[in-house]
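# Architecture and fold: a report
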Amino acid sequence: MNKNYVFSLLGLFILAFGNAQNYKKPLVSAIKEADLRTDMYQLAADQFWGREAGTLDELKVSMWLADKAKEAGMKPAGDNGTFFQFFDMYRHQVIPQSTLKIGDNSLKLWKDFLVAEPVNASLDAEIVYAGNTEPEDLAKLNIQGKILAINASDKNIPKDMTLFVRRYPGFVRNKYYNKASELGAKAIIFITDDISEQSWVEVLPQMTRGSYGVEGLREKITNNIPVLWIKRENAGWVKNNPKASLSLITETYQYPSVNIIGKIEGTDPVLKNEYVLLSGHQDHDGIRHPVKNDTIYNGADDNASTCVAMLAMARAYKKQPGKRSILFVFHGAEERGLLGSRWHAAHPVVPKENIVAVLNGDMIGRNENNEAALLGGNSPHKNSEELVKMAEDANNESTKFKYLKDWDSPSHAEYFYFRSDHLPYAKIGIPAIFFTSVLHDQYHTPQDESENINYKKLFKMTEWMYRTSWKVANETVRPKVISNFSLER
Ligand SMILES: [Zn+2]
């Protein structure tokens, strides 16, 4: 047999089994840990004041990102030939003219009482002080048409989760709300317990900010009954069932937020019209209550980590483009409820059917070097067999992370699968996965800083996302969506 004959046999063999790659290897050497570090120290620096959506700081960091995207070799893919896709956020906020009078006491908003959810209310009613009553016993009281005042209690509330203290007032609210409103209460006043005493300072910045929405989500305020909080040192205000009059005025207005979008075109004349969407979010939590003498929530891991990884991947794709094009979307307003990704999923800059997959990263720079999670990697969150296999093959090639599978379980206390920007895309039938190195003690605190990033880990996570995206960009057949996939939480 001559050499050519051997090669053509080999060729037939390869064709028959279809396993061989007919494309180049990924250019991992173009991704540099030093670049990740340099970009991180700029993006998560105090200069951007925590990058809060709907603020000048977010606009400022968006300009920085657009410059960086250009430098990394991307072409603009936002609106009108720019890197920007602006959208309107709805914002609902209780205004300072709101009043609460209990008996003879006029209470000061945000000092004497908190308003958990921005709603409108105008009512005069008697208070029923319920003391330590659990929800199942509320029916024994007559609260129809009255204001229920009740001591917060942590009974039956699971405690094993991150940011428990910050989330606790919400859990207390959920524990009582349905029962109280079913029994005809006009409002609820919670009186703090040990835990919510600590929560006060943490929820104050959230409650004063109000709530946010976007087209199709929280465009209007709810008709829920008002939920208020007072401190236990002031419990005397409500104890003798006095009359109260409450006037809550909520204002709704619109603010801009922005997605930064760039692309690197593919080399294949046909496949270049298809896009692999690499996703992260640029915003974080702005300036809030101090923790360890710091008030700037710089969000280094959350989610400057993925933004700098996307810039690094762009440099690799610039040097060696794939067959398909890469669409880089740095979403805005993720922390306000996945607003930028909801907007882009509804108004994509390329036809929706040309987005072959979404590879989202959120918090990819912390914890053990050899562990990570692929959310959407397991049933029932998995929406594409082929996409998950590509991510797993990419992991087996080099990074070899051990999977933190429980984070993808529907019974996981954090519901983490539902908390990042891949979700709106999965909901509209695009194969989508979520790479993460998961939560840690400094999550959503001012200590989520550049110097606390594990750069070896960030490099490995970037490599994993890049190797996965390279397969999606080059494989002949695009990943399919599992036909009966549906997202119930
Ligand atoms: Zn995040």
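Residues numbered from 1 in each chain as written. Predicted model: local features only at pLDDT ≥ 70, side-chain atom pairs only at ≥ 80, totals over all residues. Heavy atoms only, no water.

The protein is annotated in an unreviewed UniProt entry as M20/M25/M40 family metallo-hydrolase of Chryseobacterium candidae.

## As for the pairing of strand E3 (residues 99–102)
Residue alternation in E3 divides its side chains into a buried set, Leu100 and Ile102, and an unburied set, Thr99 and Lys101. Here E3 pairs with strand E4 (residues 105–107) via three bridges, running antiparallel. Within E4, the position partnered with Lys101 by the bridge is Ser106. Linking E3 back to E4 in an antiparallel pair, the connection comprises two residues, with Gly103 at a positive phi of about 55°. (Buried < 20%, exposed > 50% of the residue type's maximum accessible area, 1.4 Å probe, protein only. Helix = DSSP H or I, 4+ residues; strand = E, 2+ residues; numbered from the N terminus. Pairing = 2+ DSSP bridges.)

## Regarding the pattern of salt bridges
The tally for this structure, following the rule as stated, stands at 29 salt bridges. In this structure, Lys179 engages Glu182 in a salt bridge whose closest nitrogen and oxygen atoms are separated by 3.4 Å. With Lys179 and Glu182 both in helix H4 (residues 164–182), this residue pair falls three residues apart, about one helical turn. Of the residues examined, Lys179 reaches a relative accessible area of 28% and is grouped as partly exposed. Asp393 is the partner of Lys389 in a salt bridge, and the nearest nitrogen-oxygen pair spans 2.8 Å. Of this pair, Lys389 and Asp393 both sit in helix H9 (residues 385–399), four residues apart, which is roughly one turn of the helix. Through salt bridges with shared partners, one network takes in Asp35, Asp39, Lys68 and Arg315. (Salt bridge = Lys/Arg side-chain N within 4 Å of Asp/Glu carboxyl O.)

## A look at the pairing of strand E20 (residues 432–436)
For E20, a buried count of five out of five residues is recorded, marking the element as mostly surrounded by other parts of the structure. The alternating pattern of E20 places Ala432, Phe434 and Thr436 on one face and Ile433 and Phe435 on the opposite face, and all of these are buried. Two strands pair when backbone bridges link them, and strand E17 (residues 355–361) and E20 are joined in this way by four bridges, in the parallel orientation. Residue pairing for E20: Asn360 is matched across the bridge by Phe434.

## Brief notes about the sheet that holds E3
Here we have eight strands laid out as an open sheet, ordered E4-E3-E11-E6-E7-E8-E10-E5, and mixed in their pairing. The strands lining the two open edges of the sheet, one partner per strand, are E4 and strand E5 (113–115). Taking each pair of neighbouring strands and ignoring which way they run, the sheet shows an average axis angle of 25°. Examined bridge by bridge, strand E7 (residues 147–151) and strand E8 (residues 187–191) share five bridges and lie parallel to one another. Across the sheet, the residue bridging to Asn151 is Ile191, located in E8. Packing against the sheet, H4 makes contact with E7, E8 and strand E10 (227–230), and its axis sits at approximately 140° to E8. (Axes fitted to C-alpha atoms, helices over the stretch in contact; angles between N-to-C directions. Contact = heavy atoms within 4.5 Å.)

## Some remarks on empty space enclosed by the protein
For the coordinates displayed, the defined rule picks out two cavities of 30 Å³ or more. For the largest cavity, the full set of lining residues is Ala373, Leu374, Gly377, Asn378, Glu392, Tyr403, Leu404 and Lys405. Grouping the constituent residues of the lining of the largest cavity by class yields four nonpolar, two polar and two charged. As for the second largest cavity, its lining consists of Leu114, Pro169, Ser196, Ser199, Trp200, Val203, Met207 and Trp229. Tallying contributions element by element places helix H5 (residues 194–209) first for the lining of the second largest cavity, with five residues. When the residues that make up the lining of the second largest cavity are grouped by side-chain class, the tally is six nonpolar, two polar and no charged. (1 Å grid on protein atoms, 1.4 Å probe; cavity = no way out; pocket = protein on both sides within 12 Å on 5 of 7 lines; lining within 4 Å. Points joined across faces, edges and corners; volume = space filled by probe spheres on them. Nonpolar A, V, L, I, M, F, W, Y, C, P; charged D, E, K, R; others polar.)

## What to know about the UniProt feature "domain: Peptidase M28" (unreviewed entry) in the protein
As recorded in UniProt, the sites labelled "domain: Peptidase M28" (unreviewed entry) are residues 259–465. Taken end to end, residues 259–465 comprises 29% helix and 24% strand; its first and last C-alpha atoms sit 20 Å apart. (UniProt positions renumbered as here; feature names shortened; annotations may be inferred.)

## Notes on the coordination of the zinc ion
Of the protein atoms, only His281 (NE2), Asp302 (OD), Asp362 (OD) and Asp362 (OD) coordinate the zinc ion, at distances of 1.9 to 2.6 Å. Angles of 53 to 146° at the metal separate the four donor atoms of the zinc ion, which places the site in the irregular class. Sequence positions of the residues that donate to the zinc ion give the spacing H-x20-D-x59-D. Residue His281 is found in strand E13 (residues 275–281), and its partner Asp362 is found in the loop between E17 and strand E18 (371–375); the two are separated by 81 residues along the sequence. Of the two residues, His281 and Asp362, neither departs from the other in class, the shared state being buried. (Donors = N, O, S within 2.8 Å, 3.2 Å for Na, K, Ca; no water. Tetrahedral: all angles 85-135°; square planar, octahedral: opposite > 155°, others 65-115°.)

## Notes on helix H11 (residues 455–474)
Residues three or four positions apart in an α-helix share a direction because the helix packs 3.6 residues into each turn. Between its terminal C-alpha atoms H11 stretches 28 Å, which fits the 28 Å expected from 20 residues at 1.5 Å a residue. Among the residues of H11, the N-terminal cap falls to Asn454, whose side-chain oxygen and the backbone nitrogen of Lys456 are separated by 3.3 Å. (Expected span 1.5 Å × (residues − 1). Polar contact = N/O pair within 3.5 Å; in protein donor to acceptor, adjacent residues only side chain to side chain.)

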